[in-house]
Structures are given as structure tokens and as C-alpha cells.
Amino acid sequence: MTVMTDALITGLDPENDHFWEVVGTGSIPLRRCRTCGTHFALPLPSCPECGAAGLDEVIAAGGGELYSWVVVHYAWDADLAAQVPYVVGAIELDEGARLFARVEQVEPSALVAGLRLMATFPGEAGRPPIVFVPEVQS
Amino acid sequence: MTDTRRLGFLGTTALAGVGMTELTKRSGRSVMSQAVEACRTAAEDAGLDLHDIDGIISFSFNNDSVSSQGVATALGLPRPRYLSDVSLGGQAPSFLVMQAAAAVSTGMARNVLVFRALNGRSGQRVGSTRAAGLGPAFRYPYGFTAYPQFIAMWARRFLIETGGSELDLGAVAVAQRRWAVDNERAIRRSPLTIEQYLESPMIADPFRAADCTTEADGACAVLVTSAEQARDLRHDPVIIEGAAYGTGKRSGLDAGDALLWPDMTRNYTHDIADELWGGAGIGPHEVDMAQLYDCFSSSVLLAMEGLGLAERGEAAAMIRAGDTSPGGRLPVNTNGGLLAEGYLHGMNTVAEAVFQLQGRAGTRTVAGAETCVVTSGALTDGSALVLRRDRRAA
């Protein structure tokens, strides 16, 4: 499967493209430092915590917590203006990496820091590539 | 912090002149025309001839300005020795004053203009221009595209951790407007009540329109020279006593990238405060005034805490108590800030400090103010100055 939404920024470099290709298959690829164990999402060639170059790719489990969020009421772009209001969250994945992503299926007034979230992958044109929704209680 | 990292230009370099165009929403002029006007005016304001100018440094965002070389050409400078264009945003103004001071101090140039020029409202708008690069690739696909949104993300977390509310953001906007009513340059000059603030439309919750800077067309320049020369010029010298640029670990790929920054309630001011005050030789409780970069209301709260002007979570209470308003014990953003005067990307924040310390801020002039702290930037990296009024030679 290839990456689908026209909003994606690809073609910058092969490692960035790889991130979005993996997202297109329904997974979030993280980098884990072999030296200090830090996880991060940006496709950097070395660890931002300790500088070591040895990294492994691991697939995030998909769960995380809401760190902060913005409710967008005004959008500068026509395609986004049709979507307001929408929520963009800063999500701390359980592995420790932070992502920005859309948050849906929860009223903005019900959002709280620490809310448990799970990643979903709409995989449709015009939809964000990753959308977090409240984790279903087991 | 000891003085072991004290910068070589502190105490021996100065700001001596300011040039500023009118701030408008539609200049109808080229960026070059405004840049040249601001630079020419700054040199004249200092009492220098144009042929005394041998350095220009500027910053731009996504190529929205003109080059220092171009401005030097338009001004007919006979022998430029230091021309530099930096691709940075709001973190730049104080940093560029530092670079100009370093150039003066090391003999690379004698008199350096620092300018910012943009048609920021009628032309390319900083806050909502989509930048290229890897950082944006991790924001734009989610509709996370503009600076009001990026900084609102910090503001939300800050209010959560400090137990604050939207009223804390409103307090900044209301207090600064009290200054703006007396500033003929300000675009937003009508008084603002907290009730009116709460009626302002939501842009990127928790930010309303009233939390956002007023985009503007215009240009601003300041003249940096040696303290020795400044004492023989037209106005009282404003000595650079403290200065720092910096960030922390995991600063990110660009100014909007906070994916790796551990704590979105503390910005660069937290990282550079010790070096800034250590170099200046005064502490945050000894400074008379503050001009704090305020593209958005929350950055004033983060800077007040980061610099130690306020205790954790106490900045809004200080502002509500009137401490930062006209007549208060620590006047802040006495031009109304970028929120009210207009967005010359923080170059006008530096300019207001100079106007104030030279006693040239009209009815806004803070009587007896001898020192001022200035910040540039709102996010993971930024810069700051501590300035002191000196006296001209008799």
C-alpha cells in the first residue's frame, strides 16, 4: 500500500518517505537508540538524546496519552476550512516518542491531559494519515 | 553562574539609533523601499552619515525580505565590510544585535545596521506561510499548519501545569493594550477589557484573535556601534550589558517543531536566563522594564517565568495586579507589544527598549528607567539582551 493523502509531504528524503510508507500500512515506525533506548518519531540519523548513531526501527504499539491539544477554529486553507473545528493533539506514545496528530471521536470539552488514546489510520484521500481516538476500556 | 562565559562585547557596545517606517496593513510599497527607509532613518537618528555605515545584518523568513547587500547598494554605502542575511524568525532580533556587537567589538565593522522589513500583512504572512522541510512534514498532514496553532499547543500545556485559565492569556492582552492607547504607531489602539477579550473569536483554542499579534507591513532598524563612539552621537547610548542566544537539548528541526522538546511549558528563556543575568551583573529583580517578544499572549507568561521576572505560575497574577501596566513596578511591552503595535517580527521590540531608555517614548516613557531586558523568540530557541542607559559625553 502506498501513502494516500495529498497533504503528505514526501520526496524530501528517502527516510521521511519511508516513515509515511509505513504509516500507509497502518503502523507508526519509531527509531530506538541502541545506546540509551530513547524512542523518537522524526527520521533523524542519530539519537537526539545521546547522539549515538546506532538506531533500530521498531513499530509503535499505537497507544499513548494526550499531552496537549489545540482546537482549530480558523483555517487558512480552503480544504481545512471545511473541516473546522478540529482537534490536533500532541500525543506521547507509550514508547516515549511524541507525535502531532488529529484527535477525533471525543468532544473538545471532554479532552483532558493524560487521556488514553489509540492510533487509527484512515487511509483515505483527504483524511489525516494518523487519527487518535479514545482507547476502548477493556 | 559566574562571569566565565562573559561575552567580549558586553559593556563596550551600544545601540545608538532607531529607524522605523509607518506600520500598516497595506503599505503599497516594496519591501526594499521600506528596508531602505528604516536603515537610512536609523543612521540619521544616531547622527551618523551613511558613509559611516559599514555593516548591515538582517533576517528573513521563507525569503520574505531583501538582502543586506541590496540595501547597502540602495544606500550607496561606499565600503561595506560586514553584510549578512540570516534565515530565522522571531528568535533573531536580539541575536542579530549580538552579532552586530560582536562585529563591532572585533573590528569587522564600526557601525552596523540591524533591520527587519516585510510586507507581513499585504504580502507573505509569517504566521500562516507554509514552510518547506522535514519538520513541517510531521505537522501539515494533520491540519497543524500555522504558528497560532503551534504556540497554542504550548499555551494549553502551560495553563494545565500552572493551574491557569484563558483569563491568564486575556490578562496579557488587556494589560498591553493599556500601553498601546498612547502609542501612535500601534495598529490596535482602542482600550480592551477582559469582557471584550472573551468575545474575541477563537482562532486556535486556547488562542483567540486577541491573543495573536497584529500582522503588519513595515520595517525597523537599529544602529549598533561602540559604546565609546555612541557617547559622541545624538542620543544617550544604550549599552549592551547582557546578551544570550540559546536553546536546550532536543531543540527540534525548526521553530515550529516541538516533537522532541521535553517540556512545552518552558521555552528558551529558561535555558538562557543564567547566562543573560550573569553577564549583565544584575538579576531579574533589579531590572526596570521588560520588552518581551509576544507573537502570542502566552509567550509573555513563559518569558516572565523563564527569566525569573515571575515565580512559576505567578506571571498572570502580577499582570492582573497592574505590575506590568503603566505606573506598575515592572512595565512590560510598553509599545503595546507585537499584539497591539504590529508584527515587525520583534525588531520593534528591540526598538521600543531603545526609545524607552533614551527617554523618547513620548507619554509612555517610564520615568527613571535605566535598565531593560529584551527577548526575541517564543519557542525552543531564542535570544535576549539586557540594556542600560548611559549618558552622552558632556
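Numbers given for residues are sequential positions, taken from 1 along each chain in its written order. Key to labels: chains lettered from A, ligands numbered from 1, both in the order written. Given that this is a predicted model, residues contribute local features only at a pLDDT of at least 70 and side-chain atom pairs are listed and counted only at 80 or more, while totals for whole chains, interfaces and linings are drawn from all residues. For the side-chain quantities, the full set of heavy atoms in the structure was used; hydrogens and water were omitted.

Caption draft 1: Main features of the overall build of chain B. Check the secondary structure of chain B and you find 13 helices and 11 strands. Taking 394 residues into account, the globule formula puts the C-alpha radius of gyration at 21 Å, and chain B, at 19 Å, falls close to it. Overall, chain B is about 55 × 40 × 40 Å in size when its C-alpha atoms are taken along their principal axes. Classification of the 394 residues of chain B by burial places 66% in the buried group. Counting from the N terminus, the helices are the DSSP runs of H or I reaching at least four residues and the strands are the DSSP runs of E reaching at least two. Our radius of gyration looks at C-alpha atoms and nothing else; its globule reference is 2.2 Å times the residue count to the power 0.38. Relative accessible area decides the class of each residue, using a 1.4 Å probe on protein chains only: under 20% of the type maximum gives buried, over 50% gives exposed, and in between gives partly exposed.

Caption draft 2: Representation of the packing of helix H6 (residues 166-180) of chain B against helix H10 (residues 298-306) of chain B within the structure. Residue and element names in this part refer to chain B. Here the axes come from fitting lines to C-alpha atoms, over the contacting stretch only for helices, and the angles between their N-to-C directions go from 0 to 180 degrees. With their axes 8 Å apart at the nearest point, H6 and H10 run at an angle of 95° to one another. On the basis of their axis angle, the class for H6 and H10 is roughly perpendicular. The residues of H10 that touch H6, namely those facing Asp168, Leu169, Val172 and Gln176, are Ser298, Val300 and Leu301. In this classification, Asp, Glu, Lys and Arg are treated as charged, Ala, Val, Leu, Ile, Met, Phe, Trp, Tyr, Cys and Pro as nonpolar, and every other residue, Gly included, as polar. Split by residue class, the contact of H6 with H10 holds four nonpolar, two polar and one charged. Here is the rule for angles: anything less than 35 degrees is roughly parallel, anything more than 145 is roughly antiparallel, 65 through 115 is roughly perpendicular, and the remaining ranges are oblique. Contact definition: two residues touch when any of their heavy atoms are within 4.5 Å.

Caption draft 3: Here's a closer look at the side chain of Gln34 of chain B. Residues and elements named next belong to chain B. Its location among the elements puts Gln34 in helix H1 (residues 31-46). Each polar contact in these results corresponds to two N or O atoms within 3.5 Å; when the atoms are within protein, one needs to be able to donate a hydrogen and the other to accept it, and residues that are neighboring in sequence are counted only if both atoms are side-chain atoms. In terms of polar contacts, Gln34 uses its side chain to reach the side chain of Asn119, at 2.9 Å. In this structure, Gln34 is in contact with Thr21, Ser27, Arg29, Asn119, Asp217, Gly218 and Ala219, ignoring residues within four places of it in sequence.

Caption draft 4: Layout of the sheet that holds strand S2 (residues 55-60) of chain B. All names here are of chain B. By the convention used here, strands pair only if DSSP detects at least 2 bridges between them. Strand order in the open sheet made by the nine strands is S3-S2-S4-S7-S1-S8-S11-S10-S9, with mixed pairing throughout. Looking along the sheet, the strands with just one partner apiece sit at the ends: strand S3 (82-87) and strand S9 (290-291). Taken together, the eight bridges between strand S4 (residues 112-119) and strand S7 (residues 217-226) define a ladder with antiparallel strand orientation. Its bridge partner being in S7, Asn119 is matched across the sheet by Asp217. With respect to the sheet, helix H9 (residues 268-280) is in contact with strand S8 (238-246), strand S10 (371-376) and strand S11 (382-389), its orientation differing from that of S8 by roughly 145°.

Caption draft 5: Inspection of helix H5 (residues 147-162) of chain B at higher detail. Residue and element names in this part refer to chain B. Multiplying 1.5 Å by the residue count of a helix minus one yields the expected span of that helix. An ideal rise of 1.5 Å per residue puts 22 Å on 16 residues; H5 measures up with 22 Å between its terminal C-alpha atoms. Of all the 16 residues making up H5, 14 are buried; the element is thus mostly covered by neighbouring parts of the structure. With its phi angle positive at about 70°, Gly163 sits one or two positions after the end of H5.

Caption draft 6: Spotlight on the interface of chain A and chain B. Taken together, the contact pairs 40 residues of chain A with 40 residues of chain B. What counts as buried area is the accessible surface, traced by a 1.4 Å probe, that two parts surrender upon association, with contributions from both included. When the buried area of chain A at its contact with chain B is split by residue, Leu42, Trp76 and Phe100 of chain A rank highest and sum to 23% of it. By definition here, a salt bridge exists when the distance from a side-chain nitrogen of Lys or Arg to a carboxyl oxygen of Asp or Glu is within 4 Å. Counting across the interface, chain A meets chain B through two salt bridges. A salt bridge links Glu49 of chain A to Lys249 of chain B; its shortest N-O distance comes to 3.2 Å. Taken together, the connections running from chain A to chain B amount to 15 residue pairs in polar contact (both at pLDDT 80 or more). Ranked by the residues each element gives to the side of chain A that touches chain B, the list is headed by strand S4 (residues 63-72) of chain A, at six residues. Partitioning the side of chain A that touches chain B into residue classes produces 30 nonpolar, five polar and five charged.

Caption draft 7: Region of interest: the packing of aromatic side chains. Note on aromatic contacts: the rings of Phe and Tyr and the six-membered ring of Trp form a pair at centre separations within 6.5 Å, being stacked when their planes are under 30 degrees apart, edge-to-face when over 60 apart, and tilted otherwise. This structure, assessed with the given rule, holds 13 aromatic pairs over all chains. With centroids separated by 5.3 Å and ring planes inclined at 45°, the aromatic side chains of Trp20 of chain A and Phe138 of chain B adopt a geometry described as tilted. Here Phe138 of chain B lies in the loop between helix H4 (134-137) and H5 and Trp20 of chain A lies in helix H1 (residues 14-24), a pairing that spans two chains. Note on Trp20 of chain A: relative accessible area 0%, which makes it buried.

Caption draft 8: A look at the pairing of strand S1 (residues 29-33) of chain A. Residue and element names in this part refer to chain A. Taken across its five residues, S1 has four buried, putting it largely inside the fold. Relative to strand S2 (residues 39-40), S1 runs antiparallel, the two being bridged by two bridges. The partner of Arg31 across the bridge, within S2, is Phe40. Linkage of S1 to S2, two consecutive antiparallel strands, is achieved through a turn of five residues, within which Gly37 is found at a positive phi near 80°.

Caption draft 9: Fine view of the pattern of salt bridges. Residues and elements named next belong to chain A. Overall, the coordinates contain 31 salt bridges over all chains when judged by the stated rule. We note a salt bridge from Glu15 to Arg31, for which the minimum N-O separation is 3.0 Å. Of this pair, Glu15 sits in helix H1 while Arg31 sits in strand S1, and the two are 16 residues apart along the sequence. A relative accessible area of 37% places Glu15 in the partly exposed class. Of the residues examined, Arg31 reaches a relative accessible area of 16% and is grouped as buried.

Caption draft 10: Geometry of the packing of H9 of chain B against H10 of chain B. Residue and element names in this part refer to chain B. Look at H9 against H10: their axes get within 8 Å of each other, and the N-to-C directions meet at 30°. Judged by the twist between their axes, the crossing of H9 over H10 is right-handed. Of the residues in H10, those touching H9 at Thr269, His270 and Ala273 are Leu302, Ala303 and Gly306. Tallied by class, residues from the contact of H9 with H10 come to three nonpolar, three polar and no charged. Two helices cross in a left-handed way if the nearer one is turned anticlockwise from the farther one by less than a right angle. They cross in a right-handed way if the turn is clockwise.

Caption draft 11: Here's a closer look at the pairing of strand S5 (residues 202-205) of chain B. For S4 of chain A and S5 of chain B, the ladder comprises two bridges, and the chain directions are antiparallel. Of the residues in S5 of chain B, the one forming a bridge with Val72 of chain A is Ala204 of chain B. Strand direction decides the pairing type here: S5 of chain B and strand S6 (residues 207-208) of chain B, joined by two bridges, are antiparallel. Residue pairing in the sheet places Met202 of chain B in a bridge with Arg208 of chain B of S6 of chain B.

Caption draft 12: Structural detail: the nonpolar core. Grouped together as the largest cluster of nonpolar side chains are 162 residues, with contacts concentrated most on Ile28 and Phe132 of chain A together with Trp277 and Leu309 of chain B. If we ignore the near neighbours within four places in the chain, the residues touching Ile28 of chain A are Phe19, Val58, Ile59, Ala60, Leu93, Leu99, Ala119, Phe121, Ile130 and Phe132 of chain A. By nonpolar core is meant a set of buried Ala, Val, Leu, Ile, Met, Phe, Trp, Tyr and Cys residues that side-chain atoms within 4.5 Å join together. In terms of nonpolar packing, the next biggest core, distinct from the first, is built from 27 residues, Val31, Ala46, Ala117 and Ile239 of chain B among them.

Caption draft 13: Broad picture of the sheet that holds S1 of chain A. All names here are of chain A. Strand order in the open sheet formed by three strands is S2-S1-S3, with antiparallel pairing between adjacent strands. Both edges of this open sheet fall to S2 and strand S3 (55-59), since each of them pairs with a single strand only. Lying over the sheet, H1 contacts S1 and S3, oriented at roughly 125° with respect to S1.

None of this, on its own, says anything about what the molecule does.
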